[in-house]
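# Structural overview
Residues per chain, in single letters:
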Amino acid sequence: MSADQTAVPPNAAASHAGREGKLLEIVGIDKSFGHLRILKRCSLDVARGETVVLIGPSGSGKSTLLRCVNLLEPADGGDIFFEGANITADLKNAPRIRRQIGMVFQNFELFQHLSAAENIMLAPMKVLGLSRADAHDIAVDLLGKVRIPDKADAFPDELSGGQQQRVAIARALAMKPKLMLYDEPTSALDPEMIREVLDVMADLSAEGMTSLVVTHEMGFARRAADKIVFMESGEIVETASSEAFFGGSVNERARHFLDQIL
Ligand code: ADP
Ligand code: MG
């Protein structure tokens, strides 16, 4: 089933560049904060159209890994390829890369002084130079897509947590990202709102949106994931197809973790 993803040969980076099909390839990423080694030679691929679910205990390095992919955090070693190009090599390209990667956080992080539509319109207007009218059309369209068509003029504090998170997803989609990163998008939500957010994410995955999702919602993983990656203490311990994973072929440490959360 899963190869040992941590055992990457030294010249693996070169052979990864330009490989077809892989939208994202993380190759042997290292990251330390001070003396603490947080990521230990982590490797992970996401193919175009694939949804990969990343699970693991709190503090295992999942958020740090996502932040490295989005170039919010520089990795100390290893390489990250996006569409075959090494994006860690030259950080001056970071803004251009980041525009192509949508990120959704646990706490929504909407601009409180802007309406739902204005939150969505901001980047298309500022970054892509769209007119207000064109950006508004996009916002209305996306609010329909995330199933809150009547909330364009609502401010974040007038929306439920589940609605706010769906505005955050729409805001990320407005830049037409090639990859979506979700960092525990439902863990701050009341149980009755989790489903509506996961449904939107699962729809996007089914439509072929390439996604890397940190979540412990195993129902979502079963429904939407092509691949499950288990991380522990900064290491990727297991990478398995969804069929293998839910078919019971899970290694001992991943099994122990699942037993605790399920
Ligand atoms: P997870 O998302 O799996 O819970 P994180 O990536 O948030 O894990 O954190 C992994 C480890 O890195 C934790 O021990 C955390 O305290 C530490 N860490 C994360 N960010 C920083 C930072 N900016 N400075 C120092 N330590 C950090
Ligand atoms: Mg985290």
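Note that this is a predicted model, so its numbers are computed, not measured.

As paired strands, strand β1 (residues 22-33) and strand β2 (residues 36-47) are joined by 8 bridges and run antiparallel to one another. If you follow Lys-31 over to β2, its bridge partner there is Leu-39. Counting the residues that bridge the hairpin from β1 to β2 gives 2 residues, and of these Gly-34 lies at a positive phi of roughly 60 degrees.

The geometry of a pair of packed helices is captured by two quantities: the angle between their axes and the separation between those axes. In the contact formed by helix α6 (residues 161-173) and helix α7 (residues 191-206), the axes pass within 8 Å of each other and the chain directions differ by 20 degrees. In terms of orientation, α6 lies roughly parallel with respect to α7. The handedness of the crossing between α6 and α7 comes out as right-handed. From α6, Gly-161, Gly-162, Gln-165, Arg-166 and Ile-169 reach across to α7, where they touch Met-193, Glu-196, Val-197 and Val-200.

A separate point is the sheet that holds strand β7 (residues 179-183). Hydrogen bonds between backbone groups are what pair the strands of a sheet, and the pairing can be parallel or antiparallel. The 6 strands lie next to each other as β6-β7-β8-β3-β9-β10, forming an open sheet whose pairing is mixed. Single-partner strands in this sheet number two, and they are β6 (101-104) and β10 (235-241). Going across the sheet, the axis of each strand differs from the next one's by a mean of 15 degrees, ignoring polarity. Relative to β10, strand β9 (residues 227-232) is paired through 6 bridges, and the arrangement is antiparallel. Within β10, the residue paired with Phe-230 across the bridge is Glu-238.

Another aspect to go through is the sheet that holds strand β5 (residues 85-86). Taken together, 4 strands build an open sheet; the order of strands is β2-β1-β4-β5 and the sheet is antiparallel. If you trace the sheet from one side to the other, it starts and ends with β2 and β5, each paired once. This element, helix α2 (residues 62-69), spans β1, β2 and β4 (77-82) of the sheet and lies at about 120 degrees to β1.

Taken together, Phe-33, Ile-38, Gly-56, Ser-58, Gly-59, Ser-60, Gly-61, Lys-62, Ser-63 and Thr-64 make up the full set of residues near ligand 1. Top contributing element to the shell around ligand 1 by residue count: α2, with 3 residues. Here the residues of the shell around ligand 1 are counted per class, giving 2 nonpolar, 7 polar and 1 charged.

As a further point, take the confidence of the model for the protein chain. Mean pLDDT for the protein chain: 91, with 92% of residues reaching 70 or above. For residues 1-18, every residue scores under 50 in pLDDT, and the model assigns this stretch 28 contacts once sequence neighbours within four places are set aside. What the predictor reports for the complex is a pTM of 0.91 with an ipTM of 0.97.

Thresholds, definitions, all that
Residues numbered from 1 in each chain as written. Chains lettered and ligands numbered in written order. Predicted model: local features only at pLDDT ≥ 70, side-chain atom pairs only at ≥ 80, totals over all residues. Pairing = 2+ DSSP bridges. Helix = DSSP H or I, 4+ residues; strand = E, 2+ residues; numbered from the N terminus. Axes fitted to C-alpha atoms, helices over the stretch in contact; angles between N-to-C directions. Parallel < 35°, antiparallel > 145°, perpendicular 65-115°, else oblique. Left-handed = near helix turned anticlockwise from the far one by under 90°. Contact = placed C-beta atoms within 7 Å. Near = placed C-beta within 6 Å. Nonpolar A, V, L, I, M, F, W, Y, C, P; charged D, E, K, R; others polar. pLDDT = per-residue confidence, 0-100.

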